[in-house]
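Chain and residue survey
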Amino acid sequence: RTNVPLQIQILPGAGSLDPEQENVAGTDYAHALLDFQSNLGEAILQYPLLQVHLLTWSGRASHMLALLKAFPNNILAIGLDGAVTFTKATPLHVCAFEVPLDKLVLATTNVIPSNVANTMGRTAFPQSGWWPFLAETVAHHKKIVTITEIVSQVYENSLKLYPQLGNY
């Protein structure tokens, strides 16, 4: 009724899997994805215009793309947080490369970007001021996009998600 997207975080993420594990069938991660897909499918039957913002995506890129393909009009945004900045977060680097720019948003959570933590150490604390470091990392992994393009697109996507922000 208020035209605000439903915010959903799917947990556990792919980080709960063995990195070498290709088949995820039967895992808690697979159950979470299947539950989300089933519940969203049922909800869309009742509310076809339902819009979803997936918060802090922590799954595999192939699953992210499959969900976007299955629900192209309902999943408005995929959020990436500071976890994407960590060197060993290879699956999230792939997600940063694969997420369509028109679906990308950046989330500031309690995960402090690694480049900030490496510089500030324990004095760093979670805050929204770190999102340019996320944009820099995403631009690096997208390879064909500049940080300026990332920032501009994330701004546009945020206004699409929450149009009332444009009034401020």
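To be clear, the structure that these remarks concern was listed above.
Scope of this entry: the structure provided in the associated data block. (Residues numbered from 1 in each chain as written. Predicted model: local features only at pLDDT ≥ 70, side-chain atom pairs only at ≥ 80, totals over all residues. Heavy atoms only, no water.)

Within strand S3 (residues 75-80), 5 of the 6 residues are buried, leaving the element largely enclosed by the surrounding structure. Examined bridge by bridge, strand S2 (residues 52-54) and S3 share 3 bridges and lie parallel to one another. Across the sheet, residue Leu54 finds its bridge partner in S3, namely Ile78. Of the crossover connections in this fold, the one passing from S2 over helix H2 (residues 61-70) to the parallel S3 is right-handed. Handedness of the crossover is the feature at issue here: the chain leaves S3, passes through helix H3 (residues 90-98), returns alongside strand S4 (residues 104-106), and the resulting connection is right-handed. (Buried < 20%, exposed > 50% of the residue type's maximum accessible area, 1.4 Å probe, protein only. Helix = DSSP H or I, 4+ residues; strand = E, 2+ residues; numbered from the N terminus. Pairing = 2+ DSSP bridges. Right-handed = clockwise from strand over helix to strand, strands pointing away.)

Two packed helices can be described by the angle between their axes and the distance between those axes. Contact pair helix H5 (residues 131-142) / helix H6 (residues 147-161): the axes reach a minimum separation of 8 Å and the direction vectors enclose 120 degrees. As judged from the angle between their axes, H5 and H6 are oblique. Here H5 runs over H6; the crossing is right-handed. Contact with H5, carried on its side by Trp131, Pro132, Ala135, Glu136, Val138, Ala139 and Lys142, involves Ile147, Ile150 and Val151 of H6 and no other residues of that element. Its residues placed into classes, the contact of H5 with H6 shows 8 nonpolar, no polar and 2 charged. (Axes fitted to C-alpha atoms, helices over the stretch in contact; angles between N-to-C directions. Parallel < 35°, antiparallel > 145°, perpendicular 65-115°, else oblique. Left-handed = near helix turned anticlockwise from the far one by under 90°. Contact = heavy atoms within 4.5 Å. Nonpolar A, V, L, I, M, F, W, Y, C, P; charged D, E, K, R; others polar.)

A few words on H6. Spanning 15 residues, H6 covers 21 Å between terminal C-alpha atoms, matching the ideal 21 Å at 1.5 Å per step. Where H6 is concerned, the buried positions are Ile150, Val154, Asn157 and Leu161. Relative to the axis of H6, the buried residues are bounded by an arc of 65 degrees and lie together on one face. Of the residues in H6, the exposed ones pointing more than 90 degrees away from the buried face are Thr148 and Tyr155. Residues of H6 that are buried sit in contact with S2, S3, S4 and H5. (Expected span 1.5 Å × (residues − 1). Arc of directions from axis to C-beta.)

Moving on to the nonpolar core. Core analysis: the biggest nonpolar cluster contains 37 residues, and Trp57, Ile75, Leu106 and Ile150 have the highest contact counts within it. Elements with a contribution of two residues or more to this core: helix H1 (28-46), S2, H2, S3, H3, S4, H5 and H6. If you tally residues by element for this core, the top one is H1, at 7 residues. Setting aside chain neighbours within four positions, we find Trp57 in contact with Ile10, Tyr29, Leu33, His63, Met64, Leu67, Ile78, Gly79, Leu80, Leu92 and Cys95. (Core = buried A, V, L, I, M, F, W, Y, C linked by side-chain atoms within 4.5 Å.)

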